[in-house]
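Observations on the three-dimensional arrangement
Chain by chain, the residues:
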Amino acid sequence: MLSGKKATRYAIALFLIISLNFFIPRSMPGDPLTNLLGEDISLTASSVQELRERMGLDRPLSQQFLDYWHDILRFDLGYSFHLHRNVSDLIYDRMKWTLLLSLPAMVMGAILGTLLGARAGWKSSALRRTQTGFIMAIYCAPPYFISLIALYLLSYKQGLFPLKGFYSTGSALDIAHHLFLPSAMMTLFSLSRNYMIMKGSVLQEKGSLYATFARAKGLYDEQILFRHVFKNALLPIITLLALDFGFILSGALFIEIVFSMNGMGSLIYDALLSRDYPVLQGSFLIITIMVVSANLLADLLYSYLDPRVRWQ
Amino acid sequence: MNRHLPSSSYFRPLLCIDEMYVSFDTSLGRVKAAQNICLELHERETLAIVGETGCGKSVIASAILQLLPSNASVKGKAIFLGRDLLSLGEREMADIRGQEIAIIFQNPSLSLNPIMKVAEQVAEPLQIHRRLPRHRAISKAEDMLSRFKLGDKASPVMYPFQLSGGMNQRVMIATSMILSPKILIADEPSKGLDQSLARQVMKELAGIKDEIGASLLLITHDLLLAKEVSDRIAVMYCGEIVEAGSSAEIFDEPLHPYTKALLNCLPEMGFKPIPGSSPSMIDPPEGCRFYPRCRERLDRCLLSPKMIKVESDDGDREVRCWLY
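As the structure is a prediction and not an experimental result, all values here were calculated from the model. (Residues numbered from 1 in each chain as written. Chains lettered and ligands numbered in written order. Predicted model: local features only at pLDDT ≥ 70, side-chain atom pairs only at ≥ 80, totals over all residues.)

**Some details on the overall build of chain B**
Across its full length, chain B holds 10 helices and 12 strands. For chain B, whose C-alpha radius of gyration is 20 Å, the value lies close to the compact-globule estimate of 20 Å for 324 residues. Based on the C-alpha atoms only, the size of chain B along its principal axes is roughly 65 × 45 × 45 Å. For chain B, buried positions account for 47% of its 324 residues. For chain B, the share of sequence-separated contacts (at least 6 apart) that also reach a separation of at least 24 residues comes to 64%. (Helix = DSSP H or I, 4+ residues; strand = E, 2+ residues; numbered from the N terminus. Rg over C-alpha atoms; globule rule 2.2 N^0.38 Å. Buried ≥ 20, exposed ≤ 12 C-beta atoms within 10 Å, placed from the backbone. Contact = placed C-beta atoms within 7 Å.)

Structure follows, in structure tokens:
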């Protein structure tokens, strides 16, 4: 399915991006030590020297490059002097919460968005036009704005959901209670994106000759949609789904800030504000890997769904 | 329908199109694509509608099955087994389509779903109308494909983009014939295929049509193809039928000046083009629509001629011209 040529291309892309991650802090103006540790760390002259030796910054660049790859392959992403923890541990801790928040939301948004969008594109009705208007409004509004309104109305005014955070308590039911509103918000945004694209895609596909021929064979109404048009209309959606998946860790940034949740988004956000470079670098590395593998996934999905891609 | 003579064929009419009008609302105005169409299709016969591209002949084919886009409005009647097809609802039409009346389109490669194996597409009418389970429908579809020389192991699991235009045309014919419909409508089946391939496909189509005892409504611009396979021919010009009769008579003794001019376009008849160009269907000429291009025109041709019966050996000869 996946040709060797394509696999090599992905491997090269990954190698280049990760190498770039090595060169950027070393070629930025100023002391690489500061660039690697973050600017707000104050150190004595002796500890600077000690750290420089420990991190291998006194060795030649080629040696540093090999060391860097050696660390990467052992998932050693450095040490955060702000949070006093290994970056890989930090990311691992935060990642699972973000995945818990966004993975179900993304899957639900994809399924609901494509199904509702497909039916809205297939046939118009007063109900579906109202639905499209509502989803269009969500699609256009900034996520943090809608999230803030939901937080204000449902949590603050009605007291239905907790106002912030979620992880300390432990019980599964309690976590679910905390997760529901932010997860619903993310579902809604993912749904609105998939809905709009799928609606347009179905509108375009339903005018094609094969859809008319399906009707001429005796297929009735939504039989034509689900047996013929849907799969063809799904093809443009795959790119969008792959993008969503690639940014699954960073995409929840605004939601995590609004709902004060300790996920990857807020980790990156805090690291930006405090210039915690090791954390930023580690996070970007993970995001890079996610985006590249999402592209790979899209490639595989395309060749699974579209024989024209498979047989090229 | 009393103005039609009893048919020369031994069989009774299966489909009666009576005073059908089709028009399309477009941004440029109302396109009158078919005007006052009266046709009878008899059991087991092949009726060809011939005319230049854009004369409205394909519109008739799609109108019968209610397959026109939503900007089309259709008036009149098309009686099939006692039911008026033009007034049936979508659910009832879906039962008739594919099962009683099947159609093949002029662009086979675009008419097939690009991401579905051809055997599955051929099998679909069996699953939809006969509710056969998938594997049985597909094995029947493979049998059908093998009759159209697509029986080798590889073809049924192939996709339309891997097959040639002629092969896709056969796939489409196999799909249309799999339920042995009573009527097959073939909309320009020879378009996009080279001469010999078109003849070959047409021969196979005619063979299977005779075998299942179906009637064929052939829509084509290819006069020789019409002559070869059809029992009767209706000549269409600018949305109107101008002449109808048995194929032999139309070719041996054309009556309408347009039919004569059309036959003169054939290479073996001297390759003489018709002067002028096809008129607009938004704003068609007054009176006889062929008047501006006619060599034999008279003053009264500015009044619309009626379709009249003409004496002939085969009976059933009609022409829309003031000369007769």
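There's more to say after this.
**Examining the overall build of chain A**
Of the regular secondary structure elements, chain A holds 14 helices and 2 strands. Within chain A, residue pairs in contact and separated by at least 24 positions form 73% of the contacts whose partners lie at least 6 positions apart.

**A look at the nonpolar core**
Ranked by size, the top nonpolar core spans 150 residues in total, and within it Val122 and Val235 of chain B carry the most contacts. Val122 of chain B has contacts with Ala141, Met144, Leu145, Val171, Ala174, Thr175 and Ile178 of chain B, leaving out every residue within four places of it along the chain. (Core = buried A, V, L, I, M, F, W, Y, C linked by C-beta atoms within 7 Å.)

**Observations regarding the domain arrangement of chain A**
How big an interface is tends to be reported as the loss of accessible area on association of its parts. Residue and element names in this part refer to chain A. The domains assigned to chain A are domain 1 (4–74) and domain 2 (88–310). For domain 1 versus domain 2, the distance between C-alpha centres works out to 34 Å. Where the side of domain 1 that touches domain 2 is concerned, the elements lending two or more residues are helix H1 (4–27) and helix H2 (32–37). A total of 8 residues in the side of domain 1 that touches domain 2 trace back to one element, the largest contributor, which is H1. (Domains from an automatic or database assignment.)

**Quick notes on the sheet that holds strand E1 (residues 13–26) of chain B**
Within a beta sheet, neighbouring strands are joined by backbone hydrogen bonds and run either parallel or antiparallel to one another. Residue and element names in this part refer to chain B. An order of E2-E1-E4-E5 is seen for the 4 strands of this open sheet, with the pairing classed as antiparallel. The sheet is open, and its two borders are formed by strand E2 (29–42) and strand E5 (83–84), each paired with just one other strand. Sheet topology note: the E1/strand E4 (residues 72–80) ladder contains 8 bridges and is antiparallel. Among the inter-strand pairings, Ser23 is bridged to a residue of E4, identified as Ser73. Sheet contacts for helix H1 (residues 57–64): E1, E2 and E4; angle to E2, the most-contacted strand, approximately 70°. (Pairing = 2+ DSSP bridges. Axes fitted to C-alpha atoms, helices over the stretch in contact; angles between N-to-C directions.)

**Comments concerning the interface of chain A and chain B**
With 19 residues of chain A at the contact, the number on the chain B side is 26 residues. Broken down by element, the side of chain A that touches chain B gets its largest block of residues, 6 residues, from helix H9 (residues 209–216) of chain A. In terms of residue class, the side of chain A that touches chain B is built from 9 nonpolar, 4 polar and 6 charged. (Nonpolar A, V, L, I, M, F, W, Y, C, P; charged D, E, K, R; others polar.)

**A few points about helix H4 (residues 118–129) of chain B**
Residue and element names in this part refer to chain B. Counting buried residues along H4, 10 of its 12 residues qualify, which places the element largely inside the surrounding structure. Within H4, the full set of buried residues consists of Val118, Ala119, Gln121, Val122, Ala123, Glu124, Pro125, Leu126, Ile128 and His129. The positive-phi residue at the C-terminal boundary of H4 is Arg131, with phi of around 55°.

**Examining the pairing of strand E7 (residues 183–187) of chain B**
All names here are of chain B. Burial analysis of E7 places 5 of its 5 residues in the buried class, which makes it a mostly covered element. Burial along E7 is two-sided: the face carrying Ile183, Ile185 and Asp187 and the face carrying Leu184 and Ala186 are both buried. With 4 bridges connecting them, strand E6 (residues 101–104) and E7 associate as parallel partners. Bridge assignment links Ala102 to a residue of E7, and that residue is Leu184. Judged from the 5 bridges that link them, E7 and strand E8 (residues 215–220) form a sheet pairing that is parallel. Bridge assignment links Ala186 to a residue of E8, and that residue is Leu218. Crossover connection from E7 via helix H7 (residues 195–212) to parallel E8: handedness right-handed. (Right-handed = clockwise from strand over helix to strand, strands pointing away.)

**Notes on unusual backbone geometry**
If you check the backbone angles, His84 of chain A has positive phi at about 50° while not being a glycine. Take His84 of chain A: it is sitting in the loop between strand E1 (79–80) and strand E2 (85–86). Residue Cys238 of chain B is not a glycine yet carries a positive backbone phi of 45°. In this structure, Cys238 of chain B sits in the loop between strand E9 (232–237) and strand E10 (240–246).

**Examining the domain arrangement of chain B**
Residue and element names in this part refer to chain B. According to the domain assignment, chain B consists of domain 1 (13–230) and domain 2 (256–324). Once you take the C-alpha centre of each, domain 1 and domain 2 turn out to be 28 Å apart. The biggest single contributor to the side of domain 1 that touches domain 2 is E2, with 5 residues. A breakdown of the residues in the side of domain 1 that touches domain 2 according to their chemical character gives 4 nonpolar, 2 polar and 3 charged.

**Remarks on the confidence of the model for chain B**
For any part of a model where pLDDT is low, the fine detail of the predicted coordinates should not be relied upon. All names here are of chain B. In this model, chain B carries an average pLDDT of 90, and 96% of its residues clear a pLDDT of 70 or more. With pLDDT under 50 throughout, residues 1–9 is counted as low confidence; its partners more than four residues away or in other chains account for 18 contacts. Overall fold confidence (pTM) sits at 0.85, and the ipTM for the predicted complex is 0.91. (pLDDT = per-residue confidence, 0-100.)

**So, the sheet that holds E9 of chain B**
All names here are of chain B. Read across the open sheet, the 8 strands follow the order E6-E7-E8-E3-E9-E10-E12-E11; overall the sheet is mixed. The strands lining the two open edges of the sheet, one partner per strand, are E6 and strand E11 (308–310). Pairs of neighbouring strands in the sheet enclose a mean axial angle of 20°, with direction left out of account.

**Digging into the packing of helix H8 (residues 172–205) of chain A against helix H10 (residues 222–246) of chain A**
Two quantities define a packed helix pair, namely the angle between the helix axes and the distance between the axes. Residue and element names in this part refer to chain A. Here H8 crosses H10 at 150°, and the two axes come no closer than 9 Å. Considering only the axes of H8 and H10, their crossing is right-handed. Contact residues: H8 offers Ser190, Arg193, Asn194, Ile197, Met198, Ser201, Val202 and Glu205, while H10 offers Val229, Asn232, Ala233, Pro236, Ile237, Leu240 and Asp244. Taken together, the residues of the contact of H8 with H10 sort by class into 8 nonpolar, 4 polar and 3 charged. (Left-handed = near helix turned anticlockwise from the far one by under 90°.)

**Details of the packing of helix H6 (residues 165–177) of chain B against H7 of chain B**
All names here are of chain B. Two elements in contact, H6 and H7, have axes separated by 11 Å at closest approach and are oriented at 10°. Of the possible angle classes, the one that applies to H6 and H7 is roughly parallel. Residues Gly166, Gln169, Arg170, Ile173 and Met177 of H6 lie in contact with H7, whose contacting residues are Leu197, Val201, Leu205, Ile208 and Ile212. (Parallel < 35°, antiparallel > 145°, perpendicular 65-115°, else oblique.)

**Remarks on the pairing of E1 of chain B**
All names here are of chain B. Taken together, the 10 bridges between E1 and E2 define a ladder with antiparallel strand orientation. Note on E2: the bridge partner recorded for Ser23 is Lys32. Linking two consecutive strands that pair antiparallel, namely E1 and E2, is a turn of 2 residues.

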